[in-house]
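Each chain is listed here by its residues.
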Amino acid sequence: MQLKSILNRVERYKSFVYKRVTWVEGAERPTLEMGIEPRANGRAVCSGCGRPGPGYDRLPQRRFEFIPLWGIAVYFVYAMRRVDCAQCGVTVERVPWAEGKNQLTTSYQWFLARWAKRLSWRGVADAFRTSWENVFRSVKMAVSWGLAHRDWEGIESIGVDEIQWQKGHRYLTLVYQIDQGAKRLLWIGKERTTKTLLSFFRKLGKGRSARLRFICSDMWKPYLKVIAKKAGQAVHVLDRFHIMSKMNKAIDEVRAAEARRLARDGYEPLLKHSRWCLLKRPENLTDKQTVKISELLQYNLQSVRAYLHREDFQRFWEYQSPGWAVRFLQEWCTRVMRSKIEPMKKVARTLRKHQQLILNWFKAKGTISAAVVEGLNNKVKLTMRKAYGFRTQKAIEIALYHNLGALPEPTFTHEFC
Ligand SMILES: [Zn+2]
């Protein structure tokens, strides 16, 4: 079977034919060129309006990179026709294998973009011997296509989350859909202000906002304000993940201050290597960490007490009856307020203040799972770590939409990967 026949099976164009295949001598890497010609009597299509028009002239040959075959680079070679369009004037024709001035064929771009979900962008560039920019542009194309073709109907539950980037100096607000069977990143906004979240609701629109049933978020004031205003009918849940990470932040603060105090007063460095022992749940500790934590538990340290308060609080999520849960919450807060551990007291005060929204957790139980926002948040962090090499917010957004947006793709006659 010839290459021509294979291409006709996997990538056939109605108005064009594959002509001659040539091996390019003296190329940097093994390279094939596939000549393409318009079908006889086929009229060129104007790239401005998409209508066929009379031919004007032909431009010099151009090369379009296709998907490599057995490590051999494959190029389509074609001399573009120009169209004398009644409406647009003289324009270059539109060809089905590439967009505009792009040197990569659309199939190759989708190929690179798909691999970029499995490997880092640098990794894809290395594997297929292309540039980082080519991978970036391909992902960008896939994301704009997906964003233009996605569907925002039927969204009932959303989660609002924030991430820090640029070494923690900047924030992005992320909105996820967290319905059963439909979990994806919906929207990314700059900063975490009232304005940020308002622009999400503007994009979502009044009708769809009114159909929201559950919203998860953390206790960040601007979020609370906007959610109450724009989707007051939805059950607003302060989600478990954000509450527990607030406690972890407090524990971390207590530990750092205490470690400094112990060092200053000349005690042995008890808290060295204890950070993760205190932040992880006991069941997730390694053997070594378990030994460390049982050692720590023998001392009356503030860090240990803060840790025990957090572990105690885990019971809250297990209650079946909201009535008992309120009682527990109030007692827990009282205990912590007596503890003299300032960062934990701050958490208790915040929980008291938002008691109603926290209890909404029980109303939403069974509908939205506790781990879903946490899972998406972890994926976001992983994507940001894996896609090193981007500096701009735009690039981060593209990577996040690409990996978490569950964006649609066009249907292909052949799946190349
Ligand atoms: Zn035209």
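Above: the structure in question.
The structure displayed is predicted, hence computed values, not measured ones. (Residues numbered from 1 in each chain as written. Predicted model: local features only at pLDDT ≥ 70, side-chain atom pairs only at ≥ 80, totals over all residues. Heavy atoms only, no water.)

Participant: Account for the pairing of strand β9 (residues 214-217), with residues named and values stated.
Facilitator: In β9, alternate side chains face the same way, and those of Phe214 and Cys216 on one face and Ile215 and Ser217 on the other are all buried. Relative to β9, strand β6 (residues 157-165) runs parallel, the two sharing 3 bridges. Note that in β9 the partner of Gly159 across the bridge is Cys216. Of the crossover connections in this fold, the one passing from β9 over helix α7 (residues 221-230) to the parallel strand β10 (residues 235-238) is right-handed. (Buried < 20%, exposed > 50% of the residue type's maximum accessible area, 1.4 Å probe, protein only. Helix = DSSP H or I, 4+ residues; strand = E, 2+ residues; numbered from the N terminus. Pairing = 2+ DSSP bridges. Right-handed = clockwise from strand over helix to strand, strands pointing away.)

Participant: Describe the coordination of the zinc ion, naming the residues involved and giving the relevant values.
Facilitator: Of the protein atoms, only Cys46 (SG), Cys49 (SG), Cys85 (SG) and Cys88 (SG) coordinate the zinc ion, at distances of 2.3 to 2.4 Å. Viewed at the metal, the 4 donor atoms of the zinc ion are separated by angles of 106 to 114°, and the geometry they form is tetrahedral. Mapping the donors of the zinc ion onto the primary sequence yields the spacing C-x2-C-x35-C-x2-C. With Cys46 in the loop between β2 (31-38) and β3 (55-69) and Cys85 in strand β4 (residues 72-85), this pair connects stretches of sequence that are 39 residues apart. The pair Cys46 / Cys85 is uniform in exposure class, with both members buried. (Donors = N, O, S within 2.8 Å, 3.2 Å for Na, K, Ca; no water. Tetrahedral: all angles 85-135°; square planar, octahedral: opposite > 155°, others 65-115°.)

Participant: How would you summarise the packing of helix α4 (residues 132-149) against helix α16 (residues 393-404) if you had to cite specific residues and measurements?
Facilitator: Running from N to C, α4 and α16 point in directions that differ by 60°, and their axes come no closer than 9 Å. It follows from the interaxial angle that α4 and α16 lie oblique. When the axes of α4 and α16 are compared, the crossing they make is left-handed. Contacts between α4 and α16 involve Phe136, Val139, Lys140, Ala142, Val143 and Leu147 from the first element and Ala395, Ile398, Tyr401 and His402 from the second. (Axes fitted to C-alpha atoms, helices over the stretch in contact; angles between N-to-C directions. Parallel < 35°, antiparallel > 145°, perpendicular 65-115°, else oblique. Left-handed = near helix turned anticlockwise from the far one by under 90°. Contact = heavy atoms within 4.5 Å.)

Participant: Which residues make up the sheet that holds β10, and what values go with them?
Facilitator: Strands sit in the order β8-β7-β6-β9-β10 across an open sheet of 5 strands; the sheet is mixed. Two strands lie at the open edges of the sheet, namely β8 (182-190) and β10, each paired on one side alone. Averaged over all pairs of adjacent strands, the angle between their axes in this sheet comes to 25°, without regard to strand direction. With 8 bridges joining them, β6 and strand β7 (residues 170-179) adopt antiparallel strand pairing.

Participant: Now, about the packing of aromatic side chains: what can you tell me, with residues and values included?
Facilitator: Evaluated as defined, the whole model comprises 29 aromatic pairs. A ring pair is formed by Tyr13 and Trp97, whose centres lie 5.6 Å apart and whose planes are at 55°; its orientation type is tilted. Separated by 84 residues along the polypeptide, Tyr13 in the loop between α1 (3-10) and β1 (16-23) and Trp97 in the loop between β5 (89-92) and α2 (106-115) bring together distant segments of the chain. Just as Tyr13 is buried, Trp97 falls in that class too. Relative to Trp97, the ring of Phe76 lies with its centre 6.3 Å away and its plane at 90°, an arrangement referred to as edge-to-face. Residue Phe76 is located in strand β4, and its partner Trp97 is located in the loop between β5 and α2; the two are separated by 21 residues in the primary sequence. Here a set of aromatic residues connected by ring pairs shows up, and it is made of Tyr13, Phe16, Tyr18, Phe64, Phe66, Phe76, Tyr78, Trp97 and Phe416. Positioned above the aromatic ring of Tyr171, the side-chain terminus of Arg192 is 3.7 Å from the ring centre. (Phe/Tyr/Trp six-rings, centres within 6.5 Å; stacked < 30°, edge-to-face > 60°. Lys NZ or Arg CZ within 6 Å of the ring centre and 35° of its normal.)

Participant: Outline the environment of Val226, supporting the account with residue identities and numerical values.
Facilitator: Its place among the elements puts Val226 in helix α7. Expressed as a C-alpha distance, the spacing of Val226 and Thr383, which sit 157 residues apart in the sequence, is 28 Å. Discounting residues that sit within four places of it in the chain, Val226 has contacts with Thr194, Leu197, Leu198, Phe201 and Ala231.

Participant: Can you tell me about a positive patch on the surface, naming the residues and giving the values?
Facilitator: Positive charge collects at one region of the surface, where Lys195, Arg202, Lys206, Lys221, Lys225, Lys229, Lys230 and Lys353 lie side by side. Where the positive patch is concerned, the elements lending two or more residues are α5 (194-204) and α7. The greatest single-element share of the positive patch, amounting to 4 residues, is contributed by α7. Note on placement: Lys230 falls in helix α7. Lys230 gets classed as partly exposed once you look at its relative accessible area, which sits at 38%. (Patch = residues over 30% accessible without salt bridge, like charges linked within 9 Å, V, L, I, M, F, W, Y side chains within 5 Å. Areas by Shrake-Rupley, 256 points an atom, 1.4 Å probe, with all protein chains shown as cover. Salt bridge = Lys/Arg side-chain N within 4 Å of Asp/Glu carboxyl O. Lys, Arg positive; Asp, Glu negative; His and termini not counted. Charge placed at Lys NZ, Arg CZ, Asp CG, Glu CD.)

Participant: So what's going on with the side chain of Arg310? Which residues, and what values?
Facilitator: Structurally, the position occupied by Arg310 is in helix α11 (residues 302-313). Polar contacts involving the side chain of Arg310 include one to the main-chain carbonyl oxygen of Leu278, which spans 3.0 Å. Filtering out sequence-adjacent residues up to four positions away, Arg310 remains in contact with Met244, Met247, Asn248, Ile251, Leu278, Leu279, Lys280, Arg281 and Met344. (Polar contact = N/O pair within 3.5 Å; in protein donor to acceptor, adjacent residues only side chain to side chain.)

Participant: Before we move on, can you summarise the pairing of β5 with the specific residues and values?
Facilitator: Note: β4 against β5, 4 bridges, orientation antiparallel. By the bridge assignment for β5, Cys85 is matched with Gly89. Linking two consecutive strands that pair antiparallel, namely β4 and β5, is a turn of 3 residues.

Participant: Give me the pattern of salt bridges: which residues, what numbers.
Facilitator: Here the structure, examined in full by the defined rule, presents 24 salt bridges. When the shortest N-O distance is used, the salt bridge between Arg58 and Glu37 registers 3.2 Å. Here the residue Arg58 occupies a position in strand β3, and Glu37 occupies one in strand β2, the gap between them amounting to 21 residues. Overall, the relative accessible area of 29% leaves Glu37 in the partly exposed class. The salt bridge involving Arg349 is made with Glu342; its shortest N-O contact spans 2.8 Å. Residue Arg349 is classed as partly exposed on the basis of its relative accessible area of 39%.

What is shown is where atoms sit, not what they do.
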